[in-house]
Each structure stands twice: as C-alpha cells, then as structure tokens.
Amino acid sequence: MRRFLLPLALLVALPTEVAGQAIARAHVTVDSPQVRLADLFEHAGPRGGRVLGPAPAPGQRYVVPVAQLAAIARDHGLTLAGGGPTVVERPGRPVARPEIEAALREALIVAGAAETPSARVDLAAFVPPTVPIAAAPRLVVEDLAWDHASGRFAATLAAIVEGEPPARTRLAGRVIDLVAVPVAVRRLVAGEPVGPGDVRMAQLPPDRVPADALRDPSALDGQVLRRSVPPGTPIGAADLGGRLLVVKDAPVTMVIELPGLAITAQGRALDNGGRGDVVRILNIASRAVVEATVIGPGRARVAPGSLPVSRPADRRSSHRRAESLR
C-alpha cells in the first residue's frame, strides 16, 4: 500500500485560533473526486467541508500518514488527539466488456473495418478501465489502427466521466465478419429428410463454413442426407442426396420394364428414398418384399428377374402345422 502526501500548497497556515480536538479516522470511503477535512477527521467542526486535495482514482486507495494528518489538523485549527494513519479508498467498477465491445464495434464499422453490426470482435487480454460505481461513462475509441488483410486492430479506449480525468486502456484484437448459415439443431442421421424444425440460423466465422454450405434454409427442406450431420454444423451440398421421391409407408408404383413391355404393380414403401436410392417395397398383391430403385415421385423400378427379399408365409402349411399341434 503506497503512502500519499497531499499537496503542500494545501497546508497553508491559517490564522491562529483555539484548536479543536480531532481524531483521525482509520479508514474512509469517498465517492467524490475530492477529499474533504471531515473525511479524514471526526469532530472536524465547521470547516469539515473544506477540500484538501484529490481523492484516489476509482477503485484505488492511498494512505495519509500520521505526521501529515497532524499537519493538516494544525493548519485547519485542529489538534490531532489520536488515530491514524488513514486509509482513503474510493469505490469503482470496471466498465463491462459488452459496453466496450459495443463501442469498439461501432468505431470499427465507421472506419470500414467491420462490414456488419453482427461482426464478431475478438479482444485480446486487456484491463478494463475503472469508473465510479454510479457513473455512466461515455466510451471513446481513440487512435484506431486496423489491418485489412488480417483483420487485426489496435486502439485506445477512453472512459469519460464528467469531473474526472479520462480512464484509458489499450485494446487489441481481431475483427471477424460472421456468416449467416442454417445449422443442424440436433444430430441429423444419414438417410433422414431435413424438416423445417431440424435447422436454425446461426452466425459463424468463415473458417467454420464449408464452401458448399447452403445459405437458404428453405433449400434444405425435404432434402435427404447422404451422411450424418452433428448439431451446430452447417449442411453442405455434398451432404445432400436430393429430395424424397418415395416416402416410407406411402403408396409406390413398381415398374418392371421388359423389351417392348412395361408392367406395373402397386406397393407400399418400407423406406424413404431419393432418386437413385434402392428401397424395399411391399407388393400389395403378393405380400412379397422386393428391392427397387427410385426413379420418380412415388415410382420405383424393379429389375427383371430380381428375387424377393422376403416371401409371404404359406398360409396352408401354417394351417397344417397348427392342426398337428392340436
């Protein structure tokens, strides 16, 4: 803790008068830029409002030693009857980081260093200026220097409060213009169609956005994923396999093409599928499950001579087995 000597000019002798008894305070908290006689002494009398000198800076303190307390008391018509040294403290608060970032972002936009208000400002380690607790400082960015190629900047921030010396601190960091892209709100599984509730808009640094990332969320609606996408991740064109043409549990027209002949049958899709995907289809008539290639909305091609994935159970043999168990 450093010792502080009030300016000698303030210790000018006053006319001789009867000295009052005063006791130095051990600790005093002041909320103004000046220290007064009554701040240092109990029973300071009618001269208690006299200004002795500057108070500590907000958030700081200093010590007035006993010898100086005695001199101050004597020169103001008092006798030091005890106490001291006196710790003089002034409360303060650091300027909040969001306030600093807002002022810095505005200055960067004016200077052309940040293209949009949503640009992210990454600040290196810094010590925020301290101002009086109740003060609403005006923040001014001074001496701003910015490198266009790297996005790095340096500046001085001045926190200005009326009646106070400006509190200044150095700032340095980098400006990153964020990119608005839709990202997955949960883990999206390969083969799953993307619905409106599966994505949300997010602001991401350019290095986290793939070159083929889709920017319009409506372009994703109904698209089938070729691979899984973790939550919070943009979706690129390479992740998509096209829109669903065959929907699970929906009717499907199965087509078998032979030379000069096309045969169709009705089925029910057991899988989702986009164009070119191989899906399983239940033949409504035979109850057999076959594999077919999706060729259009609600249409799938069955290769001639392909065998069913599963055949329907023989109801007569099942009935005979049930009879033998009776």
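Presented here is an overview of the structure given in this document. (Residues numbered from 1 in each chain as written. Predicted model: local features only at pLDDT ≥ 70, side-chain atom pairs only at ≥ 80, totals over all residues. Heavy atoms only, no water.)

**Some details on the overall build of the protein chain**
Each helix and strand counted, the protein chain has four helices and 24 strands in total. Looking at the protein chain residue by residue over its 326 residues, the buried ones come to 38%. When contacts within the protein chain are restricted to residue pairs at least 6 apart in sequence, those whose partners lie at least 24 apart make up 54%. Carbon and sulfur atoms form 56% of the exposed surface of the protein chain, whose accessible area is close to 18,200 Å². (Helix = DSSP H or I, 4+ residues; strand = E, 2+ residues; numbered from the N terminus. Buried < 20%, exposed > 50% of the residue type's maximum accessible area, 1.4 Å probe, protein only. Contact = heavy atoms within 4.5 Å. Areas by Shrake-Rupley, 256 points an atom, 1.4 Å probe, with all protein chains shown as cover.)

**Section: the sheet that holds strand S10 (residues 120-123)**
Spatially, S10-S14-S13-S12 is the arrangement adopted by the four strands of the open sheet, whose pairing is antiparallel. What marks the edges here is a single partner per strand, and that holds for S10 and strand S12 (138-146). The average angle at which neighbouring strand axes cross in this sheet is 35°, direction not considered. Inspection of the sheet shows strand S13 (residues 152-160) paired to strand S14 (residues 167-176) by eight bridges, in the antiparallel sense. Across the sheet, residue Ala158 finds its bridge partner in S14, namely Arg168. Contacts between helix H3 (residues 97-110) and the sheet are confined to S10, S12, S13 and S14, with S10 contributing the most and set at about 120° to the helix. (Pairing = 2+ DSSP bridges. Axes fitted to C-alpha atoms, helices over the stretch in contact; angles between N-to-C directions.)

**So, H3**
A rise of 1.5 Å per residue sets the reference length of H3, with its 14 residues, at 20 Å; its end C-alpha atoms lie 20 Å apart and thus fit the reference within 8%. Of the positions making up H3, those classed as buried are Ile100, Glu101, Ala103, Leu104, Arg105, Ala107 and Leu108. Contacts made by the buried residues of H3 are with S10, S12, S13 and S14. After H3 finishes, the residue Gly112 shows a positive phi value of roughly 80°. (Expected span 1.5 Å × (residues − 1).)

**Notes on the sheet that holds strand S19 (residues 251-258)**
Taken in spatial order, the five strands line up as S19-S20-S22-S23-S24 and close into a barrel, and their pairing is mixed. Across the sheet, the mean angle separating the axes of adjacent strands is 55° when strand polarity is ignored. As defined by bridge partners, S19 adjoins strand S20 (residues 261-269) across eight bridges and the pair is classed as antiparallel. Residue pairing across strands places Pro251 opposite Arg268, the latter belonging to S20.

**Re the environment of Pro206**
With respect to the helices, strands and loops of the structure, Pro206 is situated in the loop between strand S16 (199-204) and strand S17 (223-225). Accessibility expressed as a relative area gives 44% for Pro206, which makes it partly exposed. For the pair Pro206 and Asp177, spaced 29 residues apart in the sequence, the C-alpha separation amounts to 7.6 Å. Ignoring any residue separated from it by four or fewer positions in sequence, one finds Pro206 in contact with Ile176, Asp177 and Val179.

**Structural notes on the environment of Arg287**
Tracing the backbone through its elements, the reader meets Arg287 in the loop between strand S22 (278-283) and strand S23 (289-296). What makes Arg287 partly exposed here is its relative accessible area of 44%. Separated by 19 residues in sequence, Arg287 and Arg268 place their C-alpha atoms 9.9 Å apart.

**Considering the side chain of Thr86**
Looking at where Thr86 falls in the secondary structure, it is placed in strand S8 (residues 86-89). Among the polar contacts listed, one links the side chain of Thr86 to the backbone oxygen of Arg25, at a separation of 2.5 Å. Not counting chain neighbours up to four residues away, the residues in contact with Thr86 comprise Ala24, Arg25, Ala26, Val28, Leu40, Tyr62, Val63, Val64 and Leu69. (Polar contact = N/O pair within 3.5 Å; in protein donor to acceptor, adjacent residues only side chain to side chain.)

**Considerations on the pattern of salt bridges**
Inspection of the entire model under this criterion finds 11 salt bridges. The shortest N-O distance in the salt bridge between Arg186 and Glu192 comes to 2.5 Å. Looking at Arg186, the relative accessible area reads 35%, which means it is partly exposed. Across the pair Asp271 and Arg280 runs a salt bridge, and its minimum N-O distance is 3.1 Å. Among the charged side chains, a network of salt bridges with common partners joins Arg186, Glu192 and Asp198. (Salt bridge = Lys/Arg side-chain N within 4 Å of Asp/Glu carboxyl O.)

**Details of the pairing of strand S15 (residues 179-184)**
Working note: regular strand, side chains alternate between the two faces of the sheet. Most of S15 sits out of view: five of its six residues are buried. By the bridge criterion, six bridges tie S15 to S16 in an arrangement that is antiparallel. When the bridges of S16 are listed, Pro182 appears paired with Met201.

**Brief notes about the nonpolar core**
Counting 19 residues, the largest nonpolar core has Ile100, Leu104, Leu123, Phe153 and Leu171 as the members making the most contacts within it. If you list the elements that add at least two residues to this core, you get H3, S10, S13 and S14. Counting residues per element, this core draws most heavily on H3, which supplies four residues. (Core = buried A, V, L, I, M, F, W, Y, C linked by side-chain atoms within 4.5 Å.)

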